[in-house]
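Structure at a glance
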Amino acid sequence: MEKFHETAELVRQAGFACEHLEKEGLREKFPYLQFPPDAQAYHQPDSSGYINPRELVRAEQELARKAGFSILEDVVEEVLKEEGEYLLLLRSGKLVRCRRMIIANGAYLNISNLLQNLEPCPRFDVSLTGQTVAYIRVSEPDANRLEKMPTLITRYRTGELDGSYILPPIKYPDGNHYIKLGHNDAFERTLLSSSDVEDWYRSGEGDPQAVVELAQLVQQLLPDVGQLSVTGGCCVTAKTPGKLGPILTKVCDSVVVAAGGNGYAAKSCDEIGRIAATLF
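A few points on the structure. Just so you know, these numbers come straight off a predicted model, no measurement behind them. (Residues numbered from 1 in each chain as written. Predicted model: local features only at pLDDT ≥ 70, side-chain atom pairs only at ≥ 80, totals over all residues. Heavy atoms only, no water.)

Take the sheet that holds strand β6 (residues 101-103) next. Across the sheet, 3 strands lie side by side as β6-β15-β14; this open sheet has mixed pairing. At either margin of the open sheet sits one strand with a lone partner, and together these are β6 and β14 (247-252). If you compare each strand with its neighbour and ignore which way they point, the axes differ by 20° on average. Examined bridge by bridge, β6 and strand β15 (residues 255-259) share 3 bridges and lie parallel to one another. Its bridge partner lying in β15, Ile103 is registered against Val257. (Pairing = 2+ DSSP bridges. Helix = DSSP H or I, 4+ residues; strand = E, 2+ residues; numbered from the N terminus. Axes fitted to C-alpha atoms, helices over the stretch in contact; angles between N-to-C directions.)

In structure tokens form, the structure reads like this:
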């Protein structure tokens, strides 16, 4: 709980409410959640929740367009330096010239070709781990009943899990409602190459045993919610040593690298990008 204590204090210092709850407080505030008898928790009622990644990308791109940016839906295969500029070779065959770059390609930082032609060629201490997620399909009545369920981060052991994150029921593009959750360090899989990453994503279902454990956790936590179906999915996390924060560094006068989100980059992306832009 020490890490939670520190985080709660930082939240309060930033001006947000964060209350400490124990057994009776948890039962009173969240009667539909069955926590372990000795559980303690911190609850942040305001300015918290979850991020819809599709809407986040849409909003960021719309803001960029309004600010005068052009957005190319393409993949940069290689970066060359030519006469004081950078030449970006795109998968479509197009070429893009630029004088400055922010490289923020997530898990592909060290396993792509984007750094190899920079002088000196930088290498960053970023490790890649495959994560498994589970999607628990629930009925619309259950989803409506759990409309005010908070997003959860747990750190207690249950079965083979050493913690988890759990989202409330969310309506997905297929029209169904799912509780999405993932594990902490247990069940992580080390990935060393681009083929490892691509094979992991192509597998599509993650670690079957992790999916079973995650579904059992939801059953324990929400015993009154029927699980209509359980499916798995894959994710990749780029980690820095000790998971102490992302890499934000100026490689040279015209190149900045932002990488290693440690699983927290989505909710922090605005600030990570702002800091990266100030490094030039």
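This next bit is on the side chain of Ser254. Mapped onto the fold, Ser254 is located in the loop between β14 and β15. Among the residues examined, Ser254 registers a relative accessible area of 13% and is labelled buried. Within the structure, the side chain of Ser254 is placed 3.0 Å from the side chain of Tyr86, a separation counted as a polar contact. (Buried < 20%, exposed > 50% of the residue type's maximum accessible area, 1.4 Å probe, protein only. Polar contact = N/O pair within 3.5 Å; in protein donor to acceptor, adjacent residues only side chain to side chain.)

Sheet topology places strand β3 (residues 76-82) next to strand β4 (residues 85-90); 6 bridges connect them, and they run antiparallel. If you follow Glu82 over to β4, its bridge partner there is Glu85. Where β3 hands over to β4, the hairpin turn is made up of 2 residues, of which Glu83 adopts a positive phi near 55°. Bridge count for β4 against strand β5 (residues 95-98) is 4 bridges, and the pairing is antiparallel. Across the sheet, the residue bridging to Leu89 is Leu95, located in β5. Linkage of β4 to β5, two consecutive antiparallel strands, is achieved through a turn of 4 residues, within which Gly93 is found at a positive phi near 100°.

Approximately 230 Å³ is the volume found for the second largest pocket. Around the second largest pocket, the lining residues are Val75, Val76, Glu77, Arg91, Asn105, Tyr108, Ile111, Ser112, Asn113, Leu114, Ser194 and Glu198. Here the residues of the lining of the second largest pocket are counted per class, giving 5 nonpolar, 4 polar and 3 charged. (1 Å grid on protein atoms, 1.4 Å probe; cavity = no way out; pocket = protein on both sides within 12 Å on 5 of 7 lines; lining within 4 Å. Points joined across faces, edges and corners; volume = space filled by probe spheres on them. Nonpolar A, V, L, I, M, F, W, Y, C, P; charged D, E, K, R; others polar.)

Attention now moves to the packing of aromatic side chains. Going through the model one piece at a time under the given rule, you end up with 4 aromatic pairs. With centroids separated by 6.3 Å and ring planes inclined at 85°, the aromatic side chains of Tyr135 and Tyr178 adopt a geometry described as edge-to-face. One end of the pair, Tyr135, is in strand β7 (residues 127-138); the other, Tyr178, is in strand β11 (residues 177-183), with 43 residues separating them in the sequence. Looking at Tyr178, the relative accessible area reads 12%, which means it is buried. Seen from their ring centres, Tyr172 and Tyr178 are 5.2 Å apart, and the 85° between their planes marks the pair as edge-to-face. An aromatic cluster is built from Tyr135, Tyr172 and Tyr178, whose rings are joined through pairwise contacts. (Phe/Tyr/Trp six-rings, centres within 6.5 Å; stacked < 30°, edge-to-face > 60°.)

Turning to its location among the elements, Lys23 is positioned in helix α2 (residues 23-29). Relative accessible area serves as the criterion here: at 42%, Lys23 is assigned to the partly exposed category. Distance in space between the C-alpha atoms of Lys23 and Pro37 is 6.5 Å, their sequence separation being 14 residues. Excluding residues that lie within four positions of it along the chain, Lys23 makes contacts with Pro37 and Ala39. (Contact = heavy atoms within 4.5 Å.)

With that out of the way, let us pick up the nonpolar core. Counting residues in hydrophobic clusters, the biggest one holds 27 residues, and the most contacted among them are Ile136, Ile166, Ile179, Leu181 and Leu222. Counting residues per element, the ones that place at least two in this core are β7, β11 and α6 (208-221). When residues in this core are grouped by element, the largest group, 7 residues, is from α6. Not counting chain neighbours up to four residues away, the residues in contact with Ile179 comprise Ala134, Tyr135, Ile136, Val138, Ile166, Leu167, Pro168, Pro169, Val218 and Leu222. (Core = buried A, V, L, I, M, F, W, Y, C linked by side-chain atoms within 4.5 Å.)

Right, let's get into the pattern of salt bridges. In total, this model carries 14 salt bridges according to the counting rule given. Where Arg12 meets Glu9, a salt bridge forms, and the shortest distance between an N and an O atom there is 3.8 Å. Placement of both Arg12 and Glu9 in helix α1 (residues 2-13) is noted, with a separation of 3 residues, approximately one turn of the helix. When its relative accessible area of 35% is taken as the criterion, Arg12 is described as partly exposed. Between Asp199 and Arg202 there is a salt bridge, with the nearest N and O atoms lying 3.7 Å from each other. Taken together, the positions of Asp199 and Arg202, both in helix α5 (residues 194-203) and 3 residues apart, correspond to about one turn of that helix. The exposure class of Arg202 is exposed, given its relative accessible area of 64%. One network of salt bridges, in which partners are shared, links Asp185, Glu188, Lys239 and Lys243. (Salt bridge = Lys/Arg side-chain N within 4 Å of Asp/Glu carboxyl O.)

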